[in-house]
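Single-letter residue listing:
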Amino acid sequence: MGSATPDTRRTAQKDAVRHALDSSPGFVSAQQVHRLLHDAGTPVGLATVYRQLNALAETGSADTITAPGGQLFRACPPGGHHHHLVCENCGRAEVLDPPSESWIASAAKKHGYTVTRHVFEVFGLCPECAAAARR
C-alpha cells in the first residue's frame, strides 16, 4: 500500500479540523482544536489547524472573533452576517440581534463617520459558568 498523496492528506486534515470544530459547543481556540484532534489520535500540526480554521473563516464556514485570550473559532450556521453573546469561560455562544443597522449609521453620521464595517460581540458568563462561579 502506498502512502497518501499530499492532496489526500490535506483533505483529510481539513475534514478532521472541520469535524472537531463542528463537535465543539461554542467558540474554541486553534490550540483547543489541536488538542481535540490529538486526543482523537488524528495527527495534525498546529500550523495546519490555524491554516484550516482561517480558511473556513474566509469562506464563511466558520465564525471568528477576537476575545481577550486571542482568536476563537466556531462552526458557522448558514445565514450571513450575525453577532454573538459569548461565555468567556466555556466559549458557549448565542447568536444576537444587534442594534439596528440604522442605529449604527445614525451614530456614525452624528460623529461625521462613514461606516465601512462593524463588529459586535458581547462577552460574559453563561448561566452554568455564572452558577459555578457563585459556588
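Residues numbered from 1 in each chain as written. Predicted model: local features only at pLDDT ≥ 70, side-chain atom pairs only at ≥ 80, totals over all residues. Heavy atoms only, no water.

(A) Inspection of the sheet that holds strand β5 (residues 121-124) at higher detail. Pairing within the open sheet is mixed, and its three strands lie in the order β4-β3-β5. Looking at strand neighbours, the two that pair on one side only are β4 (93-96) and β5, the edges of this open sheet. Taken over all neighbouring pairs, the strand axes of this sheet differ in orientation by 20° on average, direction set aside. Relative to β4, strand β3 (residues 83-87) runs antiparallel, the two being bridged by four bridges. Pairing of Leu 85 across the sheet is with Glu 94, part of β4. (Pairing = 2+ DSSP bridges. Helix = DSSP H or I, 4+ residues; strand = E, 2+ residues; numbered from the N terminus. Axes fitted to C-alpha atoms, helices over the stretch in contact; angles between N-to-C directions.)

(B) Summary view of the nonpolar core. If you look at the biggest cluster of nonpolar residues, it comprises 14 residues, and the most contacted ones within it are Val 17, Leu 21, Val 33, Leu 37, Val 49 and Leu 53. Among the elements of the structure, α1 (6-22), α2 (30-39) and α3 (46-58) are those that each provide at least two residues to this core. If one sorts the elements of this core by residue count, α1 sits on top with four residues. Discounting residues that sit within four places of it in the chain, Leu 37 has contacts with Ala 16, Val 17, Ala 20, Thr 42, Val 44 and Val 49. Grouped together as the second largest cluster of nonpolar side chains are six residues, Ile 65, Ala 67, Leu 72 and Val 86 included. (Core = buried A, V, L, I, M, F, W, Y, C linked by side-chain atoms within 4.5 Å. Buried < 20%, exposed > 50% of the residue type's maximum accessible area, 1.4 Å probe, protein only. Contact = heavy atoms within 4.5 Å.)

(C) Up close: the pattern of salt bridges. Applying the stated criterion across every chain yields a total of five salt bridges. A salt bridge links Asp 39 to Arg 35; its shortest N-O distance comes to 3.4 Å. With Asp 39 and Arg 35 both in helix α2 and four residues apart, this pair spans about one turn of that helix. Judged by its relative accessible area of 47%, Arg 35 is partly exposed. Across the pair Glu 94 and Arg 92 runs a salt bridge, and its minimum N-O distance is 2.9 Å. Take Glu 94: its relative accessible area is 35%, and that puts it in the partly exposed class. Overall, the relative accessible area of 30% leaves Arg 92 in the partly exposed class. (Salt bridge = Lys/Arg side-chain N within 4 Å of Asp/Glu carboxyl O.)

(D) The environment of Ser 23, seen in detail. Position of Ser 23 relative to the elements: it lies in the loop between α1 and α2. Between the C-alpha atom of Ser 23 and that of Val 33, which follows or precedes it by 10 residues, the distance is 9.9 Å. Here Ala 20 takes part through its backbone oxygen, which lies 3.0 Å from a polar atom of the side chain of Ser 23. (Polar contact = N/O pair within 3.5 Å; in protein donor to acceptor, adjacent residues only side chain to side chain.)

(E) Molecular detail of the side chain of Arg 74. Looking at the secondary structure, you find Arg 74 in strand β2 (residues 70-75). By relative accessible area, Arg 74 is classed as buried at 11%. Once you skip the residues sitting within four places of it in the chain, Arg 74 turns out to touch Leu 21, Gly 26, Phe 27, Ala 62, Asp 63, His 82, His 84, Ala 93 and Val 95.

(F) Examining the packing of α2 against α3 more closely. Relative to each other, α2 and α3 sit at 120°, their axes nearing to 9 Å. Classified by the angle between their axes, α2 and α3 sit oblique to one another. Note that α2 runs across α3; the crossing there is right-handed. The residues of α3 that touch α2, namely those facing Ala 30, Gln 31, Val 33, His 34 and Leu 37, are Leu 46, Val 49, Tyr 50 and Leu 53. Partitioned by chemical class, the residues of the contact of α2 with α3 number seven nonpolar, two polar and no charged. (Parallel < 35°, antiparallel > 145°, perpendicular 65-115°, else oblique. Left-handed = near helix turned anticlockwise from the far one by under 90°. Nonpolar A, V, L, I, M, F, W, Y, C, P; charged D, E, K, R; others polar.)

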